[in-house]
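# Structural overview for review
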Amino acid sequence: MVAGGGGHPGIYDAALVRRQTLMGASGPAALVKNFRVFSIAMFACIGGLLYGYNQGVFSGVLTMPAFSKHMGNYDTDLPEDQSRKGWLTSILELGAWLGCLLSGFMAEVASRKYGILIATGVFIVGVVIQATSISGGHSTILGGRFITGMGVGSLSMIVPMYNAEVAPPEVRGSLIALQQLAICFGILISFWIDYGTNYIGGTGKTQADAAWLVPICLQLFPAAVLFGGILFMPFSPRWLVHHDREKEAQQVLAKLRGLPMDHELVELEFLEIKAQSMFEKRTVAEHWPHLQELTTINVFKLQFVAIGSLFKSKAMFKRVIVATVTMFFQQWTGINAVLYYAPTIFKQLGMDSNTTSLLATGVVGIVMFIATIPSVLYIDKLGRKPILTIGAIGMAICHIVIAGIVAKYKDSWPEHRGAGWGAVVMVWLFVVHFGYSWGPCAWIIVAEIWPLSNRPYGIALGASSNWMNNFIVGQVTPDMITKISYGTYLLFGILTFMGAAFVWWFVPETKRLTLEEMDVIFGSEGTAQADFERMDEINKEIGLDRIVRGSNTHADEITEHKNGALVKEE
């Protein structure tokens, strides 16, 4: 929640306290208390699972002999073919970049609910096209993965948006944690499914096409659950309010909370949503009056005009640099080089068979999943900068050690199997450092640094940087591994050290900072204050402050939140 300025509790702090009084338990306990909310949390996990599974599954498929025989010169170990192999992997990220850019428009025009339906439909079409590549070869894989990527990119933005807007504020933190864990779990199971299906028909020339078709087609199951499940989910109350369907929004809120429409908790949450919607509309009317009408073409133009406006002032441009460069360094740690090409990397490190390299890849999924859990528990206590800096230094050291081992033993792995396994352990340790640090924390930084009126567009810009750099890393990694060998790890190591320096000297610590304090850091004093003044005006206009403060009661009760206790003053 965003605190207001001044020495008294902000309207949203007071609203939070009042809601906690009415709601009771928060966080994971609230998921169990409300079955509808719990089902929505599970639904979020399906979206994250789908995203994570798609990120990890192709690394094992690329190394399967049965797949390679259909790809021609797009999946060989020859140095001159590595750029083509890069396209097989990275074209998904290019599609995801496009899908990410279009997701805000689609979610606003078609609704979050039908946006998910459309994105999932696109994803399913892409997977079906990939499944026909036995006859179509590399062209169908390229086309199918691009279309699948468009679906993944859209889902990675719309599904968390939908769940955050449907769930009550008390469980949004838990949903974020579940979503991140679901992504890691999707990566984990994709690696182990690859390991299992690699045995279908044998692990050599006799391998059956089912070895790679099964893991690709298994994506259809969670996609079908997502596609069918969203039809039974309600519209986002926030979207309904924003499109002047307020009565329907109140009905949806009441049903989701299992309370009557006139219950104070429902009324309080509805007015908070209405206030936010009015704030956004008035911000658009002030800055871009020609786009304030919610037509399809205006909504499409608005996201690009608004993103463009972030580059027009020095203070906002500083935020742009922090968001986009943080995402640049997140991808150039080399994490997706590992996730996309782990079996190939492990073969380079002396693993003597495809089966052994797939087994080592499966361990990557396990350690990454486990390493994500501490960040969920301690990020708000330890802060962002220390975790990001320590994580980057740890990853960089792992890269440098791997580079040293490869440089010394790359031509004599059979005689130095211990050195090969040492390099493999360094890869696992690298993934641990990423899991607790740059995995979740980079996204938190990107979300926290923006004023209220610019946040949706700033996050979209950061996500766009993430996917584009993801695409570039996926494209160049096969060439780097083949042509510069240990230089690949040196490059990732140097860039990751640079990432640590960037975070330490240029990225502010955002833990527990108000938006006004963020303005002071970035040199845009007054931006957040102007936002809050507009919001205070709206709160008074719709009566939210009257409900929260209790000014309509005889006692005029003021609620404060101190050290976890509720203190009432007459």
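Reading the values: the criteria
Residues numbered from 1 in each chain as written. Predicted model: local features only at pLDDT ≥ 70, side-chain atom pairs only at ≥ 80, totals over all residues. Heavy atoms only, no water. Helix = DSSP H or I, 4+ residues; strand = E, 2+ residues; numbered from the N terminus. Buried < 20%, exposed > 50% of the residue type's maximum accessible area, 1.4 Å probe, protein only. Areas by Shrake-Rupley, 256 points an atom, 1.4 Å probe, with all protein chains shown as cover. Core = buried A, V, L, I, M, F, W, Y, C linked by side-chain atoms within 4.5 Å. Contact = heavy atoms within 4.5 Å. Patch = residues over 30% accessible without salt bridge, like charges linked within 9 Å, V, L, I, M, F, W, Y side chains within 5 Å. Salt bridge = Lys/Arg side-chain N within 4 Å of Asp/Glu carboxyl O. Axes fitted to C-alpha atoms, helices over the stretch in contact; angles between N-to-C directions. Parallel < 35°, antiparallel > 145°, perpendicular 65-115°, else oblique. Left-handed = near helix turned anticlockwise from the far one by under 90°. Phe/Tyr/Trp six-rings, centres within 6.5 Å; stacked < 30°, edge-to-face > 60°. Expected span 1.5 Å × (residues − 1). Bend = angle between axes of the 7 residues up to and from the residue. pLDDT = per-residue confidence, 0-100.

## Observations concerning the overall build of the protein
If you tally the helices and strands in the protein, you get 26 helices and two strands. Counting all 570 residues of the protein, 56% fall into the buried class. About 22600 Å² of surface is accessible on the protein, with carbon and sulfur atoms providing 65% of the total.

## Comments concerning the nonpolar core
By size, the foremost hydrophobic cluster in this structure holds 132 residues, and its most contacted members are Phe-67, Leu-88, Phe-346, Leu-349 and Trp-438. Each residue touching Phe-346, except ones within four places of it in the same chain, is listed here: Met-351, Ser-357, Ala-360, Thr-361, Val-364, Val-424, Val-427 and Trp-428. Counting residues in hydrophobic clusters, the runner-up holds six residues, among them Ala-337, Val-473, Met-480 and Phe-492.

## Focus: a nonpolar patch on the surface
A grouping of Ile-393, Ile-397, Ile-400, Val-401, Tyr-486, Leu-490, Ile-494, Phe-497 and Met-498 is seen on the molecular surface, where their side chains present a nonpolar patch of about 710 Å² in accessible area. Its place among the elements puts Val-401 in helix α19 (residues 384–409).

## Concerning the packing of helix α17 (residues 335–348) against helix α20 (residues 417–436)
Here α17 crosses α20 at 165°, and the two axes come no closer than 12 Å. Viewed along their axes, α17 and α20 adopt a mutual orientation that is roughly antiparallel. The handedness of the crossing between α17 and α20 comes out as left-handed. Between α17 and α20, the contacting residues are Ile-335, Val-338 and Phe-346 on the first element and Val-424, Val-427, Trp-428, Phe-430, Val-431 and Phe-434 on the second.

## A word on the packing of aromatic side chains
How two aromatic rings sit relative to each other is given by the distance of their centres and the angle of their planes. Tallied over the full model, the rule gives 19 aromatic pairs. Considering the side-chain rings of Phe-328 and Trp-332, the 6.1 Å spacing of their centres and the 35° angle between planes classify their relative orientation as tilted. Ring geometry for Phe-502 against Phe-506: centres 5.9 Å apart, planes inclined by 25°, an arrangement best described as stacked. Remark: Phe-506 and Phe-502 occur in helix α23 (residues 487–506); sequence separation between them is four residues, near one turn of the helix.

## Considerations on unusual backbone geometry
Residue Ser-111 is not a glycine yet carries a positive backbone phi of 90°. When you line up the elements, Ser-111 lands in the loop between α5 (82–109) and α6 (112–131).

## A closer look at the environment of Lys-85
Tracing the sequence through the fold places Lys-85 in helix α5. Accessibility expressed as a relative area gives 4% for Lys-85, which makes it buried. Put simply, Lys-85 and Pro-478 are 393 residues apart on the chain and 6.9 Å apart in space, counted from C-alpha to C-alpha. Leave out the neighbours within four places in its chain, and Lys-85 touches Leu-62, Tyr-74, Asp-75, Thr-76, Asp-77, Tyr-341 and Pro-478.

## Description of the pattern of salt bridges
Enumeration according to the criterion identifies twelve salt bridges in this entry. For Glu-248, the salt bridge identified is with Arg-245, shortest N-O distance 3.0 Å. Here Glu-246 ties to Lys-274 by a salt bridge, and the two come within 3.6 Å at their closest N and O atoms. Pair noted here: Glu-246 is in helix α13 (residues 246–257) and Lys-274 is in helix α14 (residues 264–287), with a separation of 28 residues, a long-range link. Taken together, the shared-partner salt bridges in this structure form one network comprising Glu-108, Arg-112, Glu-165, Arg-238 and Glu-280.

## Structural notes on helix α8 (residues 138–166)
Compared with the 42 Å implied by 1.5 Å per residue over 29 residues, the 41 Å span of α8 between its first and last C-alpha is a close match. Along α8, the largest kink reaches about 30° and is centred on Leu-155.

## So, the confidence of the model for the protein
Of the residues in the protein, 83% reach a pLDDT of 70 or more, and the chain-wide mean stands at 81. Under a pLDDT of 50 for its full length, residues 1–9 has, in the predicted model, 18 contacts with residues more than four places off or in other chains. Predicted confidence is poor over residues 551–570, with pLDDT under 50, and the contacts of this stretch with residues over four places away or in other chains come to 28 contacts.

## Remarks on the side chain of Ser-485
Mapped onto the elements of the fold, Ser-485 is located in the loop between α22 (455–483) and α23. Residue class for Ser-485 comes out buried when judged on its relative accessible area of 11%.

## Quick look at the environment of Ser-437
By the element assignment, Ser-437 lies in the loop between α20 and α21 (438–448). Assessed through its relative accessible area of 0%, Ser-437 is described here as buried. Taking C-alpha positions, Ser-437 is 8.0 Å from Thr-372, a pair spaced 65 residues apart along the chain. For Ser-437, the residues in contact, after removing those within four places along its chain, are Ile-387, Leu-388, Gly-391, Met-395 and Ala-442.

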